[in-house]
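One-letter residues, chain by chain:
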Amino acid sequence: MSEKNSADLFLDITNEVCPLTFVKTKLMVERMAVGQALEVRLNAGEPLENVPRSLAELGHSILSLDPEDREDLAGVHRLRVRKN
């Protein structure tokens, strides 16, 4: 598995609002095995600011965080995180 391009699980939280964006992500990570990677599809704004930061504060590794469309930084992003 490539750290940057693959994930074991996928979660789309683009239809959620804070704080549910982090709650749903945290619940998914809690069900994962240590070492597994999760790809999260999230919107710019509060989710983009809060979800990666909160996961890092819990001790998980942020593998990547990229916009789906490099021309639209205010759009949807892809976060890849590894459970530690």
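Residues numbered from 1 in each chain as written. Predicted model: local features only at pLDDT ≥ 70, side-chain atom pairs only at ≥ 80, totals over all residues. Heavy atoms only, no water.

Chemist: Kindly report on the pattern of salt bridges, identifying the contributing residues and their values.
Modeler: Counted under the stated rule, the structure contains nine salt bridges. With a closest N to O distance of 3.7 Å, lysine 26 and glutamate 30 form a salt bridge. Residue lysine 26 and its partner glutamate 30 are both found in helix H1 (residues 20–31); the two are separated by four residues, about one turn of the helix. Glutamate 68 is paired through a salt bridge with arginine 41; the nearest N and O atoms lie 2.6 Å apart. Of this pair, glutamate 68 sits in the loop between strand E3 (61–67) and strand E4 (76–82) while arginine 41 is found in strand E2 (residues 37–43), placing the two residues 27 residues apart along the sequence. The network of salt bridges with shared partners includes Asp12, Glu39, Arg41, Glu68, Arg78 and Arg80. (Salt bridge = Lys/Arg side-chain N within 4 Å of Asp/Glu carboxyl O. Helix = DSSP H or I, 4+ residues; strand = E, 2+ residues; numbered from the N terminus.)

Chemist: Explain a nonpolar patch on the surface residue by residue, including any values.
Modeler: A contiguous nonpolar surface patch, about 230 Å² in accessible area, is contributed by Leu20, Val23 and Leu27. Structurally, the position occupied by valine 23 is in helix H1. For valine 23, a relative accessible area of 38% translates into the label partly exposed. (Patch = residues over 30% accessible without salt bridge, like charges linked within 9 Å, V, L, I, M, F, W, Y side chains within 5 Å. Areas by Shrake-Rupley, 256 points an atom, 1.4 Å probe, with all protein chains shown as cover. Buried < 20%, exposed > 50% of the residue type's maximum accessible area, 1.4 Å probe, protein only.)

Chemist: Describe the sheet that holds strand E1 (residues 9–12), listing the residues and the values that go with them.
Modeler: Pairing within the open sheet is mixed, and its four strands lie in the order E1-E2-E4-E3. Of all strands in the sheet, those with a lone pairing partner are E1 and E3, marking the two edges. Taken pair by pair, the neighbouring strands of this sheet meet at an average axis angle of 15°, ignoring direction. Sheet analysis places E2 next to E4, joined by seven bridges and oriented antiparallel. From the neighbouring strand, leucine 42 faces E4, where its bridge partner is histidine 77. Against the sheet, H1 contacts E1 and E2, and its axis sits at roughly 165° relative to E1. Contacting E2, E3 and E4, helix H2 (residues 46–57) crosses the sheet at an angle of about 155° to E2. (Pairing = 2+ DSSP bridges. Axes fitted to C-alpha atoms, helices over the stretch in contact; angles between N-to-C directions. Contact = heavy atoms within 4.5 Å.)

Chemist: Help me get a handle on unusual backbone geometry, residues and values and all.
Modeler: With an omega of 5°, the peptide bond running from cysteine 18 to proline 19 counts as cis. Within the element layout of this structure, proline 19 appears in the loop between E1 and H1.

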